[in-house]
Structure formats: structure tokens, C-alpha cells
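Letter by letter, the chains look like this.
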Amino acid sequence: MGDEVVTLFLAGDVMLGRGVDQILPSPGDPTLHEDHMRDARGYVELAERVNGPIPRPVTPDWPWGEALAVLDEAAPQVRVINLETAVTVSDDVARDKAVHYRMHPGNLACLTVARPDVCVLANNHVLDFGRAGLVETLDTLSAAGLTTVGAGRDLEEATRPVAMPLAGGGRVLTVAVGTPSSGIPTGWAARPRRPGVAFLAAPSPDAADGVLAWLDAVRRPGDLAVVSIHWGSNWGYDVPRSHTRFAHALIDGGVDLVHGHSSHHPRPVEVYRDRLILYGCGDLLDDYEGIAGYEHYRDDLRLLYLVSLHPGSGALTDLRIVPMVARRMRLEHASAADGEWIRATLDHVSRPFGVHLAAAGDGMLRLATA
């Protein structure tokens, strides 16, 4: 491999179901099984009350908005997202859950337009419409040329790392897991002959050893290793000590990047042994604009993470974070004031981990050098 850096785009939760699905060209059945909303179009109306009319139908690139130009300019070699949506017409709703996300397969262009290289499925919504819904999701994404990780038709497929080749040689290996702290039911765990997610009962040292074994089975010299994990509660900035120990154990075992998600807003950033840990990337795309109750977390602010690693050692060479804001179910560049708010917030919650974030002249946030 050459001396050039390897840049990855990392995103938190990409939820293209429910209200988002309803504004796209092929909306599915809008029926919901929620206590407070029975029709997915109600979430569109809530968003419109906050930020104005949303055209219908929108083009597939609408939800990504101005983020697509940012990604094109940054030109990351690998794009990794947490796809928190079943892509199915299954009606086998998980009635023991309060909220369900489903996108009609006819709207898949809304995902492919962003050209994700890896779609993480180890989360608490991919089986919202049963195992048949998961299998349809896997089949639909595969038919579109999209690579998935963290869920499968059996345990072997769910825990299998995926490899993205790099132009200069080597690969980026990604493995994905989910924990019950994020709301994943224990019964969703993949088994030898049962579809499901790559499930960890707890982020323990033994669990870290198991994840490392999956990577070691396929890792070659020159490969970079990423572990994507769905963990933790929806709200709050505290990081459980068990999460820190787990992330450190992964890096001690040879992982180069820990990609955490589940929380609806960003959580702290850590650099441990020159490796990046994102404890929670927050939401990226969804239909949450009009939902009240947690406004002080500024869930409307969304972040694009651009992470550059040294191709030989895997060490972090740069972290750029692009603040966006969700308006009318579309991403736009955040204002200078909003960018400063998220910078100050992330800087404050990351300081216990020894990380300071500074504003760059291009509107991005970067690791402070002093």
C-alpha cells in the first residue's frame, strides 16, 4: 500500500421508513401499531408543522440533501452506515415492540443514491417485521449490489466480516454486533439455522474476544479492522464503563476503529492508542422533526464523520465532522451558530476522554491539535 490515508465515511442511524417512506415515490402501507400514531403520514405532518411543506413525492436523493455533495467532495474510500430500517412488504409486525420501521423495496433508490459500501443491520429495528421481513431485506439489498453486515440468514452469515478492497492494496474489514441495551430483543439473535442479528448479551471481555476471533479468521496483513456496534440508550451523554472497557479490549486486540450508534444524538469521542472510538454517532436520516420531549439534545443536528487512517498502521490521522441540520426530512448545512453548539457540546462531553474538538475554517469540526 502507498502512504496515502484511507478515509471512511461513518454515519449513525439511517431510518428511511415510516414518514420518510411516505414522501418517496413508492410509499408502503402507512398503518402503524404505535400508541400515539396510527398512520405514518402523521409524522410527515408533524415535520411540516415545524419546518414547512414537504413536496410529495420527493426524488430519491431528497432525504440526503446537501450531504451528498459533501460526500462527493470528500471522496471516502469506504462508506459505512447503520441502516435502521427493514426493507420489506411483510406485515409480520413485532407486536411486543412499541415502534416499527419499514421502507417499501420500491424506494430503495433512496439508499443506493448515497452509495453505501457497508450497511450495518445489527440493530433493534431490522426484524420489526419478522424473520421473513429480515430475509426480504437481505435479498433486496443484495439484489441492488449493497453489502450488509451484522444480520443474516443464520449465525455464520450474521457474524461474518465483510471486506472492502482498497485501491492501493489491503482491505477494510467490518464486523457488526448489537446489544440488548439498544433495545434488541434477545430472541432476535441469529442461530445456526435461524435468521437474526449478531447479538452480544453484554459488552464483556469474553464478547470482545469472540468478535476479535471473527476478524482474525479472515484478516490479512494490510487490512484495517472496524467494529460497528449498536448499544446504549436513546438519550444522554454518559458512557457506561463497560462500553469503554469493551472498546479498549477491541483495540488492544487489533481493531482500528470502533463505530458506535443507537443514541438519537452524538455521544463522546475518544482516541485510545491512536485509534478512534465513536461511542454514538447519533441519527442521520429519519422522520423525527416534529417529535417533542427531548429538544435540549438538539436531535435536529446531524453529523457526517470523515475518519482518515494510516493505511499501514491503522492509526488515526484525521477526524473531520460535518454538522448538518434536518429540515423537511432533508439534510442541509448547519448554521455557524448550530455548528458551534454541537462543537461545544461534543467537546464538553469528550473532555473526560482526553479529546478536544475545534472549529475549522471550512465549517467542519476537527480534533484540536493543542
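Computed from a predicted model, the values in this text were never measured in an experiment.

### Some points on the overall build of the protein
Secondary structure assignment for the protein yields 9 helices and 20 strands. On C-alpha atoms alone, the protein measures out to a radius of gyration of 19 Å, which is about the 21 Å that the 2.2 N^0.38 rule sets for 370 residues. Taken over the C-alpha atoms alone, the protein extends approximately 50 × 50 × 40 Å along its principal axes. Looking at the protein as a whole, 59% of its 370 residues qualify as buried. A gap of 2 Å separates the mean positions of the 33 positive and 47 negative side-chain charges of the protein.

### Describing helix 7 (residues 205-216)
Taking 1.5 Å per residue, 12 residues should reach 16 Å; helix 7 reaches 16 Å between its end C-alpha atoms and fits that length. Among all positions of helix 7, only Ala207, Ala208, Val211, Leu212 and Leu215 are buried. Taken around the axis of helix 7, the buried residues stretch over an arc of 140°, which confines them to a single face. Elements in contact with the buried residues of helix 7: strand 9 (171-178), strand 11 (224-230) and helix 8 (241-252).

### Section: the environment of Gly152
Within the fold, Gly152 resides in strand 7 (residues 151-152). Counting along the chain gives 192 residues from Gly152 to Ala344, while the straight-line C-alpha distance between them is 39 Å.

### Concerning the environment of Ala98
In this structure, Ala98 sits in the loop between strand 3 (86-87) and strand 4 (102-103). Residue Ala98 is classed as exposed on the basis of its relative accessible area, which comes to 56%. A sequence separation of 62 residues divides Ala98 from His36, and the C-alpha atoms of the two residues are 9.8 Å apart. What Ala98 contacts, discounting residues up to four positions off in sequence, is His33 and Glu34.

### Re the packing of helix 7 against helix 8
Running from N to C, helix 7 and helix 8 cross one another at 35°; their axes reach a closest spacing of 9 Å. When you trace helix 7 past helix 8, the crossing you get is right-handed. Here helix 7 contributes Ala207, Ala208, Val211 and Leu212 to the contact with helix 8, which in turn contributes Phe246, Ala249 and Leu250. Across the contact of helix 7 with helix 8, the residue classes break down as 7 nonpolar, no polar and no charged.

### Here's the deal with the pairing of strand 8 (residues 162-165)
Burial of the side chains of strand 8 is restricted to one face: Val162 and Met164 are buried, whereas none of Ala163 and Pro165 on the reverse face is. In terms of strand pairing, strand 8 meets strand 9 through 4 bridges, oriented antiparallel. By the bridge assignment, Met164 is partnered in strand 9 with Val172.

### A few points about the side chain of Arg267
Within the secondary structure, Arg267 is located in the loop between strand 12 (257-261) and strand 13 (269-272). For the buried Arg267, which has no salt bridge, the nearest side chain bearing the opposite charge is Asp238, at an N-O separation of 7.9 Å. Within the structure, the side chain of Arg267 is placed 2.9 Å from the side chain of Ser233, a separation counted as a polar contact.

### Points about the pattern of salt bridges
Enumeration over the complete set of coordinates arrives at 24 salt bridges. Measuring nitrogen to oxygen at the nearest pair gives 3.3 Å for the salt bridge that ties Asp72 to Arg115. One end of the pair, Asp72, is in helix 3 (residues 67-74); the other, Arg115, is in the loop between helix 4 (109-112) and strand 5 (118-120), with 43 residues separating them in the sequence. A relative accessible area of 47% means that Arg115 is categorised as partly exposed. Ionic pairing is found between Arg160 and Glu156, a salt bridge with its closest N-O pair at 2.5 Å. By relative accessible area, which is 41% here, Arg160 ends up partly exposed. Several salt bridges converge on common partners, so that one network encompasses Arg18, Glu34 and Asp287.

### Let's talk about the nonpolar core
Leu83, Leu111 and Leu284 are the most contacted members of the largest nonpolar core, which totals 51 residues. The greatest single-element share of this core, amounting to 5 residues, is contributed by helix 3. If you look at the next biggest cluster of nonpolar residues, it comprises 36 residues, including Val6, Leu224, Val269 and Ile342.

### Quick look at the pairing of strand 18 (residues 330-333)
Where strand 17 (residues 316-327) lies against strand 18, 4 bridges are found, and the strand directions are antiparallel. In the sheet register, Arg327 faces strand 18, and the bridge partner there is Arg330. From the end of strand 17 to the start of strand 18, which pair antiparallel, there are 2 residues, and Arg328 there has a positive phi angle of about 55°.

### Some details on helix 3
If you check which residues of helix 3 are buried, you get Ala67, Leu68, Val70, Leu71 and Ala74. Projected onto a plane normal to the axis of helix 3, the buried residues spread over an arc of 160° and lie on a single side. What points out from helix 3, more than 90 degrees from its buried face, is the exposed set Ala69 and Glu73. Next to the buried residues of helix 3 lie strand 1 (6-14), strand 2 (78-83), strand 16 (301-309), strand 17 and strand 18. Taken from the residues just after helix 3, Ala75 is the one with a positive phi, measuring 50°.

Criteria and thresholds
Residues numbered from 1 in each chain as written. Predicted model: local features only at pLDDT ≥ 70, side-chain atom pairs only at ≥ 80, totals over all residues. Heavy atoms only, no water. Helix = DSSP H or I, 4+ residues; strand = E, 2+ residues; numbered from the N terminus. Rg over C-alpha atoms; globule rule 2.2 N^0.38 Å. Buried < 20%, exposed > 50% of the residue type's maximum accessible area, 1.4 Å probe, protein only. Lys, Arg positive; Asp, Glu negative; His and termini not counted. Charge placed at Lys NZ, Arg CZ, Asp CG, Glu CD. Expected span 1.5 Å × (residues − 1). Arc of directions from axis to C-beta. Contact = heavy atoms within 4.5 Å. Axes fitted to C-alpha atoms, helices over the stretch in contact; angles between N-to-C directions. Left-handed = near helix turned anticlockwise from the far one by under 90°. Nonpolar A, V, L, I, M, F, W, Y, C, P; charged D, E, K, R; others polar. Pairing = 2+ DSSP bridges. Salt bridge = Lys/Arg side-chain N within 4 Å of Asp/Glu carboxyl O. Polar contact = N/O pair within 3.5 Å; in protein donor to acceptor, adjacent residues only side chain to side chain. Core = buried A, V, L, I, M, F, W, Y, C linked by side-chain atoms within 4.5 Å.

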